[in-house]
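Next come the chains, spelled out residue by residue.
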Amino acid sequence: MDRPSHPLLQKLAASRVAIEAVEPAIDGGRFAAKAVAGMPFRVEADIFCDGHDVIAAALLHRRRGDQQWRETPMRRLVNDRWRAAIVFTEPGHHEFSIIAWRDLFASWREEVAKKHEAGQKIILELEEGKHLVEQTLAAHGGREGGGWSVLEALLEEVRSSASEGDRLAVLMSDDMAALMARFAVRVNLSETETAFPVFVDRERAAFSAWYELMPRSQSGSPDRHGTFDDVIARLPYVEGLGFDVLYFPPIHPIGRTNRKGRNNSLTPGPDDPGSPYAIGSEEGGHDAIHPELGTLDDFRRLVEAARQHGLEIALDFAIQCSPDHPWIREHPEWFDWRPDGTIKFAENPPKKYEDIVNVHFYRDAIPGLWYALRDVVLFWLEHGVRIFRVDNPHTKPLPFWEWLIEEVRQVDPGVIFLAEAFTRPKMMKRLAKVGFNQSYSYFTWRNTKQELTEYLTELTREECRYTMRPNFFVNTPDINPSYLQTSGRPGFQVRLFLAATLGANYGVYSGFELCEAAAMPGKEEYLNSEKYEIRAWDWDRPGNIKSDIAFINRLRQENPALQQFINLNFYNAWNDSILYYGKFTDDFSDFLLFAANLDPHHPQAAHFEVPLWEFGLPDDATIEADDLVTGQPFAWTGKIQHMYLDPHQRPYMAWRLKAPGGRR
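Residues numbered from 1 in each chain as written. Predicted model: local features only at pLDDT ≥ 70, side-chain atom pairs only at ≥ 80, totals over all residues. Heavy atoms only, no water.

**Topic: the sheet that holds strand β26 (residues 633-637)**
Stated formally: A pair of strands is labelled paired if DSSP reports no fewer than 2 bridges between them. Secondary structure elements follow DSSP: runs of H or I of four or more residues count as helices, runs of E of two or more count as strands, with numbering from the N terminus. As a rule, the C-alpha atoms of each element are fitted with a line to give its axis, helices using only the stretch in contact, and angles between N-to-C directions run from 0 to 180 degrees. Note on contacts: a residue pair is in contact if any heavy atoms of the two residues lie within 4.5 Å.
Ordered in space as β21-β22-β23-β28-β25-β26, the 6 strands form an open sheet in which the pairing is antiparallel. Where the open sheet ends on each side, the last strands, each with one partner, are β21 (568-570) and β26. The average undirected angle you get between the axes of adjacent strands in this sheet is 30°. Taken together, the 6 bridges between strand β23 (residues 591-597) and strand β28 (residues 652-657) define a ladder with antiparallel strand orientation. The residue of β28 that forms the bridge with F594 is A654. On top of the sheet, helix α14 (residues 482-502) reaches β21, β22 (578-584), β23 and β28; it is set at about 30° to β22, its chief contact.

Rendered as structure tokens:
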């Protein structure tokens, strides 16, 4: 009995090639993977089909909203894994898909080659090959140009050839193979069921060196509040250290109610400046500047001066309010009021922040508060700021961040948001998924070889590598790590070296270069913190590590391998106090090795492996190298070598291997 055709059956039967395990596909395409304009973006998938036919696959990509796809062939790796790399040219939203099909001509070519080599008759096979070419030309209606005339000429040559050998030579030629790969009908064309989103960032989102300072402490005297002009005078210093992002904590008016005194005391003196995180006073809120710093015009001059020194200004976006913030009076519906008519101050038990209160994001606060916070970011964007470090984003709703970041991207897709979220791992990773371009991490508290190896392996090998770009801050105004409190100068050198060479993004808070470590007893907090008072520093204080910072930042600028993150590889050094690792570009033109003594008090030595195998060299080969610290060239012979690291003389090593064959 005849039955009507079943559309679902026909569609299912046509999609004969399996496409599975696509990477990167974040939560099945719910979130965008991250890419960088001008840098290769790699896509992989498992692609296979029944039988023994040759299959082909291609990566499709386009800017979101475009109608036409661009196509890049994929190549087979091992075990039915396929890969392609593409380069996006501009920031913004993009998407990709994968197609695959049975390549009948390639299958025919492979089969005929085997039969001919075995001496079998191939007369019918030659007819089949000619028929495939004829089908290709007929299917496209005899187009002109673009290789069609060449294919027609080759077909005519097959038809007119008198000998079997001549017909075989033409049908098996490279020209015929290339043209048929380009034009042949794609049989059983299959495609992924969804287009996977990608957000393409500008380069600084993936490669940056941050220097954080308190503008009010730049006057050179603890008795005078610093201004933006004082910061402008400090720009050559920051530039000279090799940084490219200059980051300020909040620069807004500071409230007076419950103002904090020195060392976070509740009894401020009349001249205590208070914490810059207590945002808002009668002078204004999040879109205003603390009067003692200067004016908006002064700030614009600072942004332009910084640009001339190769620096971008990053601002702190802290969603909290002093009890004096204008929003409390103008928008009481944005706050949670207690039965006694007060607003609960912010807490993170056992910590209390008596000088600030929090907004809430729902009930009557939506959408008004959401629009107001978006407009704060857009306000500073209009004044030249394209980088925002966001304070405690994990205490605000995830939907809010996803919405706000997308709203800002509609205006400028190059805006960068850094998530300051020292919180649970899954929350940190989700913030990266919803759009944060960079993320604080646990690096600050990973000190041992095992801790560093395990954590960096997670960040560079697990799925989070597609969305979470860590920024390895070595210290912050809030965090004076225990390791630095007891390590002396060698510890500061090593933590700097690790942050800047393990990570592509890293940052320091000013004072780090002076090895400042005075701590509140029993706490990871600074004694006499700049959060609560104006400080003056001797920037040439003996024992500083400014030369280390300038040297390492120069290495980062000169070596493309250091401008990537997931190219990190750990190698064997047989000493648990020595971390040994490498980074290299895909073409091996820049291959770097690093070693750091994690013990700041004692010399450490170790035998280690030179990764000769990465170059395809035997274990007894000789390879040339440069010592990047001394600038001296040398050579290693044999895989096993020895290193000695004295923390008081040379706590770290950096080498560049020279690939055989004349490459760098």
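Moving on, there is more to tell.
**Points about the pairing of strand β12 (residues 245-248)**
Put simply, the test is: Partly exposed describes any residue whose relative accessible area lies between the buried limit of under 20% and the exposed limit of over 50%, with all areas from a 1.4 Å probe on protein chains only and scaled to the type maximum. Crossovers are described as right-handed under a simple rule: with the strands pointing away from the observer, the path leading from the first strand over the helix to the second runs clockwise.
Here β12 shows no split at all, with V245 and Y247 on one side and L246 and F248 on the other all buried. Pairing of strand β11 (residues 208-212) with β12, which is carried by 3 bridges, proceeds in the parallel orientation. Within β12, the position partnered with E212 by the bridge is Y247. Assessed by its sense of winding, the connection that carries the chain from β11 through helix α7 (residues 228-241) to β12 is right-handed.

**Side note on the side chain of T585**
Put simply, the rule reads: A 3.5 Å cut-off defines polar contacts: any pair of N or O atoms within that distance qualifies, except that in protein one atom must be a possible hydrogen donor and the other a possible acceptor, and neighbouring residues in sequence count only when both atoms are side-chain atoms.
Along the polypeptide, T585 turns up in the loop between β22 and β23. Here S589 takes part through its side chain, which lies 3.4 Å from a polar atom of the side chain of T585. If we skip the residues at most four places from it in the chain, T585 touches P560, A561, Q564 and D590.

**Here's the deal with the domain arrangement of the chain**
This is how the line gets drawn: A domain assignment, automatic or from a database, supplies the domain bounds used here. Buried area is calculated as the accessible area (1.4 Å probe) missing from two parts once they are joined, with the contributions of both summed. Definition used for salt bridges: Asp or Glu carboxyl oxygen within 4 Å of a side-chain nitrogen of Lys or Arg.
One can read the domain layout of the chain as domain 1 (17-102 + 195-200), domain 2 (105-183), domain 3 (202-251 + 289-319 + 359-562) and domain 4 (568-657). On a C-alpha basis, the centroid separation for the pair domain 3 and domain 4 is 30 Å. Here domain 3 packs against domain 4, burying approximately 2300 Å² in sum over the two surfaces, 65% of which is carbon and sulfur. When the area that domain 3 buries against domain 4 is broken down by residue, the three leading residues are K449, F497 and A561, summing to 27%. Across the domain 3-domain 4 interface, the total number found is 0 salt bridges. The interface formed by domain 3 and domain 4 holds 13 residue pairs in polar contact (both at pLDDT 80 or more) in total.

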